[in-house]
Amino acid sequence: MNAKKMMALLMSLALVLLACGADTTAEEPVPAPAPDDTAGEPAPPTGETCAAGETDGNLNFYNWSEYIDPDLLSAFEAEYGVSVVESFYDSNEAMLAQLQAGVVYDLIVPSDYMVGIMIQEGLLLPLQKDAVPNIANLAGQFQAPPYDPGLEYSVAYQYGTTGLGVNLDVVGDDVEPTWALVFDPELASRYSGQISLLNDPRETMGAALMYLGHSINDVDLANLQEATELLAEARQHVATFDSDQYASSLVTGETAVAHGYSGGMITAISDADDPDRFDYLLPAEGATLWVDNMAIPVGAEHPCTAHAFIDFILDAENGATLTNWNWYGSPNAASMEFIEEEVAEFYAETDVAPNLQVIEDTGDYEINFTDFFAQARS
């Protein structure tokens, strides 16, 4: 593979993350309900010290769907003599709600901004880094992300972008990369009933905000209301809000314009009978760059197995197997020599785009994205 291009990509990603992490757009957020007394307190240690490679039971893994090669799970089970039970969620907010309700998992995969929220709410256990020696394999810029400096609670899993998959037979070969395909009434009406949007408050409200010329992290209530009205108007042309089957629906012809994640889109397009009929676009008004992370929730029943699994994924060849299967970007510098060139080329051409934005934790204002998204959908 082209290691120079991949390392250049990682350097560009670092600049984007740092730039976005430093940017804040704030006026007067609507106060959310006061947090409980434990919010912001660091999570207590488990009371159990885990050695590298130690397990303490089966792994209850809460993950995004279609995000890990089943053969990797089987390899972990065989190597460590445990079983992995995998459950799925379709948004960070859905995952957060489950943990807040007291549902117990050993390992989760929250996105960047959600890691910050969960740290503040005391929902994550501190990592025992001695139990994760392969953490040294991470590229430098993933060693101190703005949402978790020092990797006290999380470790990068994969990264990617969020944009639009399109059927070129329907939208035309000369289609412009723009959110207008979804939000412009005249243009979207051409694809009415053939549009899907993610069932995700921050991503979908963020797309509307970017189309209107605002930051994905804008906290001006008037701008969020404008985005809500835009999404509510666009809903008449939307077939479904879907964070699981968006890519397969595109390639099977159920939709012609699909809001979705880079790896899911490109995997489905590559597997289609005629891949040239489809394309993945990063809208000119802005698109999301995100980093998903592995973290251990407070209350995990098998924290040592969770640490062992994190270390297993951070192995150089295992990390490459993960990326080569799901087509998302790898944060693992040691994996680069094993990653297929086609995957590296794809991210070299997309993730360095100048219009990428990183979703940030907006604090008490965060609840507004969820509430207004529900309002727009109703």
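Residues numbered from 1 in each chain as written. Predicted model: local features only at pLDDT ≥ 70, side-chain atom pairs only at ≥ 80, totals over all residues. Heavy atoms only, no water.

S.K.: I'd love a proper account of the pattern of salt bridges, names of residues and values included.
M.R.: Two side chains bearing opposite charge may form a pair once their charged atoms approach each other closely. Across all of its chains, the model carries 3 salt bridges by this definition. Across the pair Lys129 and Glu152 runs a salt bridge whose closest N-O atoms are separated by 3.7 Å. Here Lys129, found in the loop between α4 (112-120) and β4 (154-167), pairs with Glu152, found in the loop between α4 and β4; they are 23 residues apart in sequence, far enough to count as distant. A relative accessible area of 33% places Lys129 in the partly exposed class. Given the relative accessible area of 40%, Glu152 is considered partly exposed. The shortest N-O distance in the salt bridge between Asp169 and Arg277 comes to 2.8 Å. Pair noted here: Asp169 is in helix α5 (residues 168-171) and Arg277 is in the loop between α11 (262-271) and β8 (278-281), with a separation of 108 residues, a long-range link. Judged by its relative accessible area of 27%, Arg277 falls in the partly exposed class. (Salt bridge = Lys/Arg side-chain N within 4 Å of Asp/Glu carboxyl O. Helix = DSSP H or I, 4+ residues; strand = E, 2+ residues; numbered from the N terminus. Buried < 20%, exposed > 50% of the residue type's maximum accessible area, 1.4 Å probe, protein only.)

S.K.: Explain the confidence of the model for the protein residue by residue, including any values.
M.R.: Residues at a pLDDT of 70 or more form 87% of the protein, whose mean pLDDT is 89. Taken as a whole, residues 1-11 scores under 50 in pLDDT and shows 27 contacts with residues more than four places along the chain or in a different chain. Residue range residues 18-40 is modelled with pLDDT below 50. Its contacts to residues more than four positions away, or to other chains, number 29 contacts. (pLDDT = per-residue confidence, 0-100. Contact = heavy atoms within 4.5 Å.)

S.K.: Tell me about the packing of helix α8 (residues 201-211) against helix α9 (residues 221-234), residues and numbers included.
M.R.: Axis angle and axis distance: for two packed helices, these are the angle between their axes and the distance between the axes, and together they describe the pair. Contact geometry of α8 with α9 gives a least axis separation of 9 Å together with a crossing angle of 105°. Considering their axes alone, α8 and α9 lie roughly perpendicular with respect to each other. Facing Thr204, Met205, Ala208, Leu209 and Tyr211 of α8, the residues of α9 in contact are Asn223, Leu224, Ala227, Thr228, Leu230 and Leu231. (Axes fitted to C-alpha atoms, helices over the stretch in contact; angles between N-to-C directions. Parallel < 35°, antiparallel > 145°, perpendicular 65-115°, else oblique.)

S.K.: Residue-level account of the state of the cysteines, with values.
M.R.: Tallied over the full model, the rule gives 1 disulfide. Disulfide pairing places Cys50 opposite Cys304 at an S-S distance of 2.1 Å. Where Cys50 bonds to Cys304 through sulfur, the torsion about that S-S bond is close to -85°, and the disulfide is left-handed. Note that Cys50 is positioned in the loop between α1 (3-22) and β1 (59-64) and Cys304 in helix α12 (residues 303-313), a separation of 254 residues in sequence. For the residue pair Cys50 and Cys304, the accessibility class agrees, reading buried in each case. (Disulfide = S-S within 2.5 Å.)

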